[in-house]
Structures are given as structure tokens and as C-alpha cells.
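# Summary of the model geometry
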Amino acid sequence: MAKYNAGTYTGKGYGVKGKVVVEVTFSESEITDINIVKHKEIYGQAYGLESSPFEHWVPKIIEYQSLAVPMVVGAEVVCKAIAKAVASCVEQAGGDVEELKNKAVPVPPKKEDRTIETDFVVFGSGIAGLSAAVEAKYCGADVVLVEKQGVIGGSSAICGGKIMGAGTRTQIERGILDTPQMQFDFLKKAAGTFLDDDKINYFCYHAAENIHWLEEQGFEVQDVEAPHTSQLPWRIHNSMGGGGQTMGYGGGFIVPLNNKFHELGGTTLLNTSLTELIVEDGRVVGAKATDTLDGSVVTIMAKKGVFIGTGGFAANRELVESRYPWMKGYYYNCPESSQGDGARVAEAIGARNYKHPSLQTMMLNERTGVGVNEEPSLIVSLEGKRFCNEFQFHSLVGCAMAKAGSAGGWYITCGEEADKYPLLQYTLGSKEAIKASSIEELAEKINVKPEVLKATVDRYNYLCDMGFDEDYEKPASEMRAIRGDIYYAVFLRPATSITFGGLEIDIAAHVLDNNKKIIPGLYAAGEVANTGNFGYGVPSCGYSIGHALHFGRVAARSACGRELL
């Protein structure tokens, strides 16, 4: 039997977004309470859901008096932070940490292979899937929501919590003039011939309505902003706590939608992965899935249809690097579950799975975040050459890097803009910044030919002095010559969280086959069905979320035989 010095002790671990501080209370023989007292973890991933670690995992440590409780799939980093903090408290209380780490917990018996009958089955619990599930419940359908991970939310839960809309109540209250046509024109300019005009026009003219619907489910709009000061009007609506180029506020969408789904009587299956679609007489009538914890097979027969909202493939490193050479060594900010499973399963029954020539490409230093904000200095390729207007939305800078074929680049500065950008100021004082007393010396340190970088900087300085960027039309207000006593270079690594292409859907969210004919009974939305949504880059924050929400709702109404939006 464990022995402790009774009392309450404080420990810490490090999670996704920083320090997690816990207080653990012990009797002489057991852990009696674990209290999370301070953290910056993600709402809708670490806490806020019945499936998240704070609510689901921590009580099991107390129940089993063990640190061997299986971690929540999709929230392992948070679980490890809690475990480390609790272990520290165990040591302080005079307990045996190794004993707790090795104490076995009951293993549930393997489930029998089983069949579930429902009206509508939804695979994937991001905003596309949850919107489809909730809308289908409003249509009177029996709905089963299936999620591959052990926690709800997918990529949507860890996104920046932004959603695009034009003509919304929030905009009107703030005196912002915006219209669906203005939004469509903006997206069309960004995506060009890749855009499916009918679908995007449909989205634009219902974006405000969708945000208002989301608010009715419990979403709260904090404010509205532009994704970049070069992009007006302000039409990006932030979840509470969000704003700027941040991550981790998507719980503002996910938690209320999840709560509403359960309030309406929906059923959720976690740790269950889509493996096969069932087709009878040319119609998709159900699907097979595997319980990832015990390997049992779940067959779900769905009278009204099957919806796929399983996300993209940004975490599939082999696929991304083989298809997009400029992404070598890339960093991704999405769940490990983003492997492209849903699109492949649909492709196996004849669905079109379009291989888009690009994907969202960002350039950032993942340790400090520099590169995705509005730092305006010179950015060069790995060869030391300038390739774009640096003062534009980060995905457009990354798009230009991709076209240059460079697997990353360098942010070059003397630091004159650092006072305006605290994150940059921090970065230039960190180990991430390479320093030199001359451009030639800096070039040697970053493995660039000195004559190439010198020529690039000289040309850039000439344009700054002239007051007009005749090469890339960067605003004169953001052109600052690079001259000083110290020269800095910060590596910007290629990064992504959103993939393009995938399944193609029509305006009613039916999945299409290779002949662009409807596959009866099969619907999709979100990142798994991004064909026709993007050009070579993401035009703005909040667009992917808004589009997924819209066509998730449309899919549900379509499957249930209701009038579309």
C-alpha cells in the first residue's frame, strides 16, 4: 500500500502552451484530489469537454491511484504535463513515483464486433462534422458522430478561433461596410481559376447567417479584425480570448457545438477510425470503422447517408514531402490524425480525390512564432534571394516561397522594426537569431553565398532609399533599409496546417465521382473536401472554418431532404 505524508503539494509540468500547475492532496495512503490551479492550455482540447484530459483523465488517476492510466489520444502532451506535475507532488509527499507509474489499471474487455443502425453517420468531429451532426439533429435525424481521436474537435479545436463572414451583426455594430459580393471578389482574386464560383458564392451569401447560427449554439464573438493590415475590410470574427495570429481558440466553436449535439440526444463514438464505405445498388448505405483501442469492428448502417469530415493530410509527412518538395523538414500544427484517411476511403469506391498542386505554406520560426505576424523586414530564400512582398498575409508569403522552390528561408534585419513587434524583439535576443557584424559574415553563418546575399541586401536598400519597391510593390511605409552595427538572420521553416484538394462536392455537399456525378448517400465538407476552395495559398484566416461550417450544415439538410440554406 502506498504511503504519503498527508497534505497538499504543488507541482508543475509543461503542456502545449506552457506551464501547467497542479495541487495534489494526499491522505496517508492515497491521492484524494488533483486540482489544476494554473495553465494556458487549449479550451476544447485540454478542458471543456467530457472527453478532454482535465475532465476525463485526471479523475482516473485518482480512481486507480495510478500514473499508468492510458492517455487521451490527441491530447497526449497535456496528459504528460499533468503526469509530470502529479509525479512531482508524489515525490514531495514521500511517495514512490515508480510504483504509481507501474501500477496496472483495469483493461476493458475487447468489445464484440457490432452493428449500429442510425439515420445519419458523421465521421470527424471538427467544425464540419459537428455542424453537420447538430444540423441533422435539428432536422429530426438520429445521428452518430464518430471521431478517430480520444477527444472531440480535430484541427478545429486547436485553430486560431477565427471565422470569416460579411454583413454580420458584429460588423454592422462597429460600422464596418462589407457585403457578400465584396467577400466573393476578394476570394476570387486570391484563388483565381481554382475557385468553384458557384460553391464559394453560395458560402459568401450565407456566411453571416452561419455565424449567427453558430452564436445561437453558444459561440461568442469577441471582436472582428483583418487577418493582416493589408487586407480590408475587417471580416474575421474572433472567438473569446483570440485575436492576431494565434492558435488554440477553436474551442469557442467546438465546445458549444459538442454540448448542443449531446443536448439534442446525439451519440458519439471516440477512438474509432473510418476504414470502409458500404455500397449497395450504387448507394452508400453505411460504413465500417475500427475501434483503435481494442481492434473491434463497428458497422454503422445509415438510412439517410454518410458524411465525411475527417480533415486533411497535413500530418502525413511522407505524403506531403513527396508531393510538395518545398515542404522538406516542415512543421505542422494539426492533429496526428490528419493523415488523409477519409479521402482515401472515399476514393476506394470511385470518388474523385483531386491532387492539388499546392497546400497552405507558411514560413515561421516555430520556437518563437516570428514569420506569421506582420514583421516587415527582408525575407530571402535559402539561396539568399528575395522573392516577394514581405508585408502581406503570411500564407501568401509562403505561397511565394513555394513558387521559388525554397524549403524555408531567412528573415534578415538589423532590428530597427523590433520595437514595434515585441515577439521579434524577443527573438532577436534569443538563440534563434544568428548575429554578425556584416552581411558577408552573416551569409557565411547561414550557408549562403556572400556575394548573393550582399547583392540582395544592396538592391533592397536601394529600393528602400528610393521609396518605391519596383520589384514586388511592398508598401513604402514598410520599407526599411538594412544597415546597422549588428545583422540578424532568423530561420523560417516551412509550415502548414491546411491541405487543399481532396474530395469534390457539389453545391448540396454530395461527393462526386471521377465523372463528376453524384455518389448517392455520400456527403462531405471541410478540409477533406477542399477541391475548388483554394488557389496556391490561404487567402485569409477564418475562411476554411467558415466554408466547413457552411457545407457541414448544407450536407445535413441535403441528406435529410430539407430545403438548403
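For the structure, check the block above.
Read on for a plain summary of the structure. A quick note: this is a predicted structure, and the numbers were derived from the prediction, not measured.

About the cut-offs
- Residue indices begin from 1 for each chain and proceed along its sequence in written order.
- At least 70 in pLDDT is required for a residue's local features to be given in this predicted model, at least 80 for side-chain atom pairs to be given and counted, and no such filter applies to totals for whole chains, interfaces and linings, which use all residues.
- Note: side-chain values were computed over all heavy atoms of the structure, leaving out hydrogens and water.
- What counts as an axis is a line fitted to C-alpha atoms, over the stretch in contact for a helix, and the angles between N-to-C directions run from 0 to 180 degrees.
- Working definition: helices are DSSP H or I runs of at least four residues, strands are E runs of at least two. Numbering for both runs from the N terminus.
- Orientation categories follow fixed angle ranges, with anything under 35 degrees roughly parallel, anything over 145 roughly antiparallel, 65 to 115 roughly perpendicular, and all other angles oblique.
- Crossing handedness follows the turn of the near helix against the far one: under a right angle anticlockwise gives a left-handed crossing, and clockwise gives a right-handed one.
- Pairs of residues are marked as contacts when any of their non-hydrogen atoms sit within 4.5 Å.
- For this classification, Asp, Glu, Lys and Arg are treated as charged, while Ala, Val, Leu, Ile, Met, Phe, Trp, Tyr, Cys and Pro are nonpolar and the rest, including Gly, are polar.
- Paired strands, in this sense, are two strands between which DSSP finds at least two bridges.
- Think of it in three bands: residues with accessible area under 20% of the maximum for their type are buried, residues over 50% are exposed, and the middle band is partly exposed, with areas taken using a 1.4 Å probe on protein chains only.
- By definition, a salt bridge exists where a carboxyl oxygen of Asp or Glu is found within 4 Å of a side-chain nitrogen of Lys or Arg.
- Within this scheme, the nonpolar core is defined by two criteria: the residues are buried Ala, Val, Leu, Ile, Met, Phe, Trp, Tyr or Cys, and they are joined through side-chain atoms within 4.5 Å.
- Nonpolar side chains (Val, Leu, Ile, Met, Phe, Trp, Tyr) are joined into patches within 5 Å and like charges within 9 Å, using only residues with over 30% relative accessible area and no salt bridge.
- In these tables, accessible area is a Shrake-Rupley quantity obtained with a 1.4 Å probe, and a residue counts as shielded only by the protein chains included in the view.
- Positive charges are assigned to Lys and Arg, negative charges to Asp and Glu, while His and the chain termini are left out of the count.
- Taken as the charge location is NZ of Lys, CZ of Arg, CG of Asp or CD of Glu.
- Between 30 and 60 degrees the pair is tilted, below 30 it is stacked and above 60 it is edge-to-face, where a pair is any two Phe, Tyr or Trp rings, Trp via its six-membered ring, whose centres lie within 6.5 Å.
- Two conditions define a charge located above a ring, namely a distance within 6 Å from the ring centre to NZ of Lys or CZ of Arg, and an angle within 35 degrees of the ring normal.

With that out of the way, let us pick up the packing of helix 5 (residues 127-138) against helix 11 (residues 251-263). It is at 9 Å that the axes of helix 5 and helix 11 come closest, and there the two elements cross at 30 degrees. Classed by the angle they form, the pair helix 5 and helix 11 counts as roughly parallel. In the crossing of helix 5 with helix 11, the sense of the turn from one axis to the other is left-handed. Across the interface between the two elements, I127, L130, S131, A133, V134, K137 and Y138 from helix 5 touch F253, I254, L257, N258, K260 and F261 from helix 11. Grouping the constituent residues of the contact of helix 5 with helix 11 by class yields nine nonpolar, two polar and two charged.

Our focus in this paragraph is the environment of D485. Tracing the backbone shows D485 in the loop between helix 17 (450-466) and strand 19 (487-496). Placed 365 residues apart in sequence, D485 and F120 show a C-alpha to C-alpha distance of 65 Å. Excluding residues within four positions of it along the chain, D485 makes contact with A436 and S437.

The next point concerns the sheet that holds strand 6 (residues 162-164). Hydrogen bonding along the main chain pairs the strands of a sheet, whether they run parallel or antiparallel. The three strands are arranged 6-8-7 in an open sheet whose pairing can be described as antiparallel. At either end of the open sheet lies a strand with only one pairing partner, and these are strand 6 and strand 7 (221-225). Ignoring strand direction, the axes of neighbouring strands in this sheet form an average angle of 30 degrees. The pairing of strand 6 with strand 8 (residues 236-239) spans three bridges and is antiparallel. By the bridge assignment for strand 8, I163 is matched with H237.

The next thing to look at is helix 14 (residues 394-404). In terms of burial, helix 14 is a largely internal element, eight of the 11 residues being buried. Listed in full, the buried residues belonging to helix 14 are H394, S395, V397, G398, C399, A400, M401 and A402. In this structure, the buried residues of helix 14 make contact with strand 15 (362-364), strand 16 (378-381) and strand 19. Looking one or two residues beyond helix 14, the residue adopting positive phi is G405, at roughly 75 degrees.

It is worth spelling out the pattern of salt bridges at this point. A full pass over the atoms with the stated rule returns 31 salt bridges. Of the charged contacts, one joins K148 and D341 as a salt bridge, the two residues approaching to 2.5 Å between their closest N and O atoms. Within this pair, whereas K148 is found in the loop between strand 5 (143-146) and helix 6 (154-158), its partner D341 is found in helix 13 (residues 341-347), the two being separated by 193 residues in sequence. A salt bridge links E321 to R317; the shortest N-O distance between them is 3.2 Å. Residue E321 and its partner R317 are both found in helix 12 (residues 317-323); the two are separated by four residues, about one turn of the helix. For R317, a relative accessible area of 30% translates into the label partly exposed. Salt bridges sharing partners connect three or more residues here, namely K111, R114, D291 and D294.

Most often, soluble globular proteins have nonpolar side chains that are buried together. Grouped together as the largest cluster of nonpolar side chains are 119 residues, with contacts concentrated most on F120 and L277. Top element by residues in this core is helix 3 (residues 76-92). It accounts for 10 residues. The next biggest cluster of nonpolar side chains, apart from the first, holds 30 residues, and it includes W326, C388, A402 and L424.

The grouping of K12, K19, K38, K40 and K84 at the surface amounts to a positive patch. For K12, the location among the structural elements is in strand 1 (residues 7-14). Residue K12 is classed as partly exposed on the basis of its relative accessible area of 43%.

This next bit is on the sheet that holds strand 23 (residues 529-530). Spatial ordering of the open sheet is given by 14-20-23, a layout of three strands whose pairing is antiparallel. Lying at the two open borders of the sheet, with one neighbouring strand each, are strand 14 (353-354) and strand 23.

Quick look at unusual backbone geometry now. A cis amide bond links L232 with the next residue in sequence, P233, at an omega value of 5 degrees. Mapped onto the elements, P233 comes out in the loop between strand 7 and strand 8. Unusually for a residue other than glycine, N447 sits at a positive phi of about 60 degrees. Mapped onto the secondary structure, N447 falls in the loop between helix 16 (439-445) and helix 17. Using a relative accessible area of 71% as the deciding quantity, one classes N447 as exposed. The phi torsion at E473 lies on the positive side, around 60 degrees, for a residue other than glycine. Tracing the chain through its elements places E473 in the loop between helix 17 and strand 19. When its relative accessible area of 62% is taken as the criterion, E473 is described as exposed.

Right, let's talk about the packing of aromatic side chains for a bit. Under the defined criterion, the tally for this structure stands at 15 aromatic pairs. With centroids separated by 4.7 Å and ring planes inclined at 40 degrees, the aromatic side chains of Y4 and F26 adopt a geometry described as tilted. In this pair, Y4 sits in the segment before strand 1 while F26 sits in strand 2 (residues 19-26), placing the two residues 22 residues apart along the sequence. No difference in accessibility class separates Y4 from F26, as the two residues are buried. Taken together, the ring pairs connect F203, F500, F534 and Y543 into an aromatic cluster. Positioned above the aromatic ring of Y330 is the side chain of R317, whose terminal nitrogen or guanidinium carbon lies 4.4 Å from the ring centre. The ring of Y536 has K403 lying over it, and the distance from NZ or CZ to the ring centre is 4.9 Å.

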